[in-house]
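# Results of the structural survey
Here is what each chain is made of, one letter per residue.
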Amino acid sequence: MRILAFESSCDETAVAVVEDGRRVLSDAILSQADMHALYGGVVPEIASRKHVEAIAALTEQSLRDAGVGRDEIDAIAVTYGPGLIGALLVAVSFAKSVALAWKKPLVPVHHVRGHIAANYLAFPELEPPFLALCISGGNTMLVDVKGYTEMEILGATRDDAAGECFDKAARVLGLPYPGGKPMDGLAQGGDDTAYALPRSKVDGAELDMSFSGLKTAVVNLVHNAGQKGEPLDRAGLAASFAAAVSDELVPRTIQAARQQGRSTVIAAGGVAANSRIRRDLQRACQAAGLRLYLPPLALCGDNAAMIGCQAFYELAQGAAADMRLNAYANLEI
Ligand code: KG4
């Protein structure tokens, strides 16, 4: 079973061919990040237009890389949410056209389910059930993955996503967009106790998180230092910030795994590339006797291979859509 998969939920256009769920035959990605960096963040209208420009050529490239023709493709998969609505619509419309013209089943895939599935590509032995910490630019949630297509959200951010918070902190520190990676670099060698930053607690919902207070604290700290002409320990601030984000995520991940009786934990999404979070997860899981899977950095960010992987399992459950398929900015997992 070969699936041609599309992803355009944010600022990466991606097309992949995946065989039998776990074998990636091609994985073409075109990032628009450099262009959005000019504006300090993703400009949705520009993102949509760039997806339109890129998607046809990228599809040809992906099929060429995989060495397969249309007759060797069995199904078409596409991310249909959550994400930027105009951006999502590009791949959804394109995938519908291909499915119609080629007479193939069309499989809609939830973006975060795709991020989780990235781990199946990296770790052949990995199977549900497990606890997933999903941390990206638009989503932050703890998901109990009971089966390939059966999931329950145990906790989520009440406001900003972890990646959004990294990007905002990076911006006030004058780092380029997307700011997570440069923040990670700046934090290396920094003193993580240099600044006292807040940790959140959501009354009555221990597994829920909040990042807006942390974001505001960093913005105020940088602005105050600027106004008073005080020197800023930039590396110390980046390290203290990474520690604060990690403290939001890691203890709750362990708590959620224990609560659900899971023995395996995985991380997923762009922020799962963060070195502090990876180190803290490793230590905490080891101490708690939990098996941990961390996706390789190349599979943390948006890609279409993860969509093709998840689509294999969705299709096995009969999750094919028809030409009425729409895109959704917000979508339940
Ligand atoms: O998963 P992703 O590529 O896109 C979404 O689905 O949202 O995640 C992008 C996010 C951005 O906010 C980016 O700054 C963040 O992942 N990110 C990182 C790191 N690398 C990327 N955040 C922290 N540390 C990193 N090393």
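For the structure given in this document, a descriptive report is provided here.

With that settled, consider the packing of helix H8 (residues 234-260) against helix H9 (residues 275-288). The N-to-C vectors of H8 and H9 enclose an angle of 30°; their axes lie 9 Å apart at closest approach. It follows from the interaxial angle that H8 and H9 lie roughly parallel. Remark: the crossing between H8 and H9 carries right-handed chirality. Residues Ala242, Ala243, Val245, Ser246, Leu249, Val250, Thr253, Ile254 and Arg258 of H8 pack against Arg276, Ile277, Asp280, Leu281, Ala284, Cys285 and Ala288 of H9. Of the residues contributing to the contact of H8 with H9, the split by class is eleven nonpolar, two polar and three charged.

Looking now at the environment of alanine 169. The residue alanine 169 is located in helix H5 (residues 162-172) in this model. Residue class for alanine 169 comes out buried when judged on its relative accessible area of 3%. Placed 129 residues apart in sequence, alanine 169 and alanine 298 show a C-alpha to C-alpha distance of 23 Å. Aside from chain neighbours lying at most four places away, what touches alanine 169 is Met183, Val218 and Phe241.

Strand order across the open sheet formed by five strands is E3-E2-E1-E4-E5, with mixed pairing between neighbours. The open sheet is flanked by strand E3 (23-31) and strand E5 (106-110), the only strands paired with a single partner. Taking each pair of neighbouring strands and ignoring which way they run, the sheet shows an average axis angle of 20°. Pairing analysis gives eight bridges linking strand E2 (residues 12-19) to E3, with the strands arranged antiparallel. Bridging from a neighbouring strand, valine 18 pairs with valine 24 of E3. Each of strand E1 (2-7), strand E4 (75-81) and E5 touches helix H3 (residues 85-102); the most contacted strand, E4, lies at about 160° to it. Together, E1, E2, E3, E4 and E5 form the strand contacts of helix H10 (residues 305-316), whose direction differs from that of E1 by roughly 125°.

In this section: the environment of arginine 258. Along the chain, the position of arginine 258 falls in helix H8. We classify arginine 258 as exposed; its relative accessible area is 58%. Taking the C-alpha atoms as reference, arginine 258 lies 36 Å from alanine 16; in sequence the two are 242 residues apart.

Turning our attention to helix H7 (residues 212-228). Over its 17 residues, H7 runs 24 Å from end to end, which matches the ideal 24 Å to within 8%, given 1.5 Å per residue. Along H7, the positions that sit buried rather than exposed are Leu214, Val218, Val219, Val222 and Ala225. On an axial view of H7, the arc spanned by its buried residues comes to 135°, and they lie on one face. Exposed and oriented more than 90 degrees from the buried face of H7 are Gln227 and Lys228. Buried residues in H7 make contact with H5 and H8. Phi turns positive one or two residues past the end of H7, at glycine 229, with a value near 70°.

Conventions we followed
- Along every chain, residues carry numbers that run from 1 in the direction the sequence is written.
- For this predicted model, a pLDDT threshold of at least 70 governs which residues receive local features, and a threshold of 80 or more governs which side-chain atom pairs are given and counted, while totals over whole chains, interfaces and linings are taken from all residues.
- To get the side-chain values, all heavy atoms of the structure are used, and hydrogens and water are removed first.
- Only the stretch in contact is used when fitting a helix axis, every axis being a line fitted to C-alpha atoms; angles between N-to-C directions are given from 0 to 180 degrees.
- Starting at the N terminus, helices and strands are each numbered in turn, a helix being any DSSP run of H or I of at least four residues and a strand any DSSP run of E of at least two.
- These descriptions rest on fixed angle ranges, namely under 35 degrees for roughly parallel, over 145 for roughly antiparallel, 65 to 115 for roughly perpendicular, and the rest for oblique.
- Put simply, a crossing is left-handed when the front helix is turned counterclockwise from the back one by less than a right angle, and right-handed when it is turned clockwise.
- Here, residues are in contact when the closest pair of their heavy atoms is within 4.5 Å.
- For this classification, the nonpolar set comprises Ala, Val, Leu, Ile, Met, Phe, Trp, Tyr, Cys and Pro, the charged set comprises Asp, Glu, Lys and Arg, and every other residue, Gly included, is treated as polar.
- Throughout this description, buried means an accessible area under 20% of the type-specific maximum (1.4 Å probe, protein chains only), exposed means over 50%, and partly exposed covers the range between.
- One bridge is not enough; two strands pair if DSSP finds at least two bridges between them.
- For a helix, the expected span equals 1.5 Å multiplied by the number of residues minus one.
- Arc definition: directions from the helix axis to the C-beta atoms.

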